[in-house]
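# Structural characterization, general
Here is how the chains run, residue by residue.
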Amino acid sequence: MPRMESEQRIVTANGTTQAVRVAGPPDGTPVLLIHGNCSSSLFWEPLLRRLPPTLRVVAPDLRGYGDSATAPVNATRGLRDFADDIAALLDDPTLFASASASGSGLPVVVGHSLGGGVAMRLLVDHPHRVGALLLAAPVSPYGFGGTRDLTGTPTTPDFAGTGAGTANPDFVARLAAGDRDADAPASPRAVLRATYVADPASLGVDEELLLDSVLSTATGDDNYPGTAVPSANWPGTAPGERGVLNALAPTWFRIADELVAVAPKPPVTWVRGDADVIVSDTSLFDLAYLGSLGVVPGWPGEESCPPQPMVGQTRAVLERYAAAGGAYREVVLPGCGHSPHLERPAEFVAELLALTGVPAV
């Protein structure tokens, strides 16, 4: 089978410059790939090599990542800035000949981590433009952190312990400096190896390319991580109104009810690894869980501030989605971490092709 190869294009859509990785024939079966936080479209390159050349794949760099413009992220819109950028790409006939407003082919939208939240937002805002969703280790429909149960009840009124103030300042500084070392635990390479995948060997020969992707993240108040405000509640920080981590916070991103109510309801496949340490009921990026381990001092205890049940929340919302007339499938990959498409590519491709209707080869 010929190997799928991508090329980068620079387009202007939704008033901003977007770098877009494109592969396959313009009239091929459309697939839209939305990357996660602290990465870029390069994170999909290892997957592209495994896809049949009959697909039309479009993988944009979200604003503030890769080679797209460092446009600001208005956190009060949740992830809608990103979703609006993506929606504008669907109207470009040079990218998706069959997915434009007048076309008949609706794309399978694949979202990884933060990109899963963007994919949910895209579906809610543009339900007639999405053929199916493949959510890979997606952020909870109740945002990241600060909620206590399967219905997303806040742990505090201001969602303390979520947003930009939770970012490791050493990691942010090393991102900004383009640090490629592996010695410090907060170096981007060390974080890539320790948290993006369960086994760093799965990065293989693509480690440098994937590190390039991580290091493409724009840092600052308008991008990663964003602004923080003081809180009277533990651990003393709450989400601000600018930047990526605030856009993910439950203050601004709570899409569960909208997702359940959306019509029409395309099929959803949810793929996750059971060794994920980022999106997990025991996430190493959830300050409440870290507090329970004694890593963050002063934790007020399980009753006041339990760890967020991220996986349980997503399952509960998708079960409601199914009960309301949709359909979803949960695929759990044993021993897999936060990046199923990198760690278990054969299984991931099989799930993607099942949604496209394109036979495996």
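As a reminder, the structure under discussion sits directly above these lines.
In this report, the structure presented in the accompanying data block is examined. Because the structure is a prediction, the values reported are computed rather than measured.

Once that is clear, we can look at the pairing of strand 5 (residues 108-112). With five of five residues buried, strand 5 lies mostly within the body of the structure. Side chains of strand 5 alternate between two faces, with V108, V110 and H112 and V109 and G111 buried alike. With four bridges connecting them, strand 3 (residues 29-34) and strand 5 associate as parallel partners. Within the sheet, the bridge partner assigned to V31 lies in strand 5 and is V108.

To continue, consider the environment of A167. Tracing the backbone shows A167 in the loop between strand 6 (132-136) and helix 4 (169-177). For A167, a relative accessible area of 15% puts it in the buried group. Residues A167 and V268, spaced 101 residues apart in sequence, show a C-alpha to C-alpha distance of 31 Å. In this structure, A167 is in contact with V172, Y224, P225 and L245, ignoring residues within four places of it in sequence.

In this section: the packing of helix 2 (residues 80-89) against helix 3 (residues 114-125). Relative to each other, helix 2 and helix 3 sit at 65°, their axes nearing to 9 Å. One way to sum up the angle between helix 2 and helix 3 is to call them roughly perpendicular. The handedness of the crossing between helix 2 and helix 3 is right-handed. Residues R80, F82, A83, I86 and A87 of helix 2 lie in contact with helix 3, whose contacting residues are L114, V118, R121, L122 and D125. Of the residues that constitute the contact of helix 2 with helix 3, the class distribution is seven nonpolar, no polar and three charged.

Taking strand neighbours across the sheet as the criterion, the eight strands line up as 1-2-4-3-5-6-11-12 in an open arrangement whose pairing is mixed. Each edge of the open sheet is held by one strand with a lone partner, namely strand 1 (6-13) and strand 12 (328-333). The average angle at which neighbouring strand axes cross in this sheet is 20°, direction not considered. Note that strand 3 and strand 4 (residues 55-60) share four bridges and pair parallel. Each residue of the ladder has a partner; that of L32, found in strand 4, is V58. Set on the sheet, helix 3 makes contact with strand 3, strand 5 and strand 6; between it and strand 5 the angle comes to about 145°.

So, about the packing of aromatic side chains. Per the counting criterion, the structure on display carries two aromatic pairs. With centroids separated by 5.7 Å and ring planes inclined at 50°, the aromatic side chains of F43 and Y196 adopt a geometry described as tilted. Note that F43 is positioned in the loop between strand 3 and helix 1 (45-48) and Y196 in helix 5 (residues 188-196), a separation of 153 residues in sequence. The same class applies to F43 as to Y196, namely buried. Arranged with centres 6.2 Å apart and planes meeting at 90°, the rings of F171 and Y224 form a pair that is edge-to-face. Placement of F171 in helix 4 and of Y224 in strand 8 (residues 224-225) is noted, with a sequence separation of 53 residues between them.

Conventions used here
- Residues numbered from 1 in each chain as written.
- Predicted model: local features only at pLDDT ≥ 70, side-chain atom pairs only at ≥ 80, totals over all residues.
- Heavy atoms only, no water.
- Buried < 20%, exposed > 50% of the residue type's maximum accessible area, 1.4 Å probe, protein only.
- Helix = DSSP H or I, 4+ residues; strand = E, 2+ residues; numbered from the N terminus.
- Pairing = 2+ DSSP bridges.
- Contact = heavy atoms within 4.5 Å.
- Axes fitted to C-alpha atoms, helices over the stretch in contact; angles between N-to-C directions.
- Parallel < 35°, antiparallel > 145°, perpendicular 65-115°, else oblique.
- Left-handed = near helix turned anticlockwise from the far one by under 90°.
- Nonpolar A, V, L, I, M, F, W, Y, C, P; charged D, E, K, R; others polar.
- Phe/Tyr/Trp six-rings, centres within 6.5 Å; stacked < 30°, edge-to-face > 60°.

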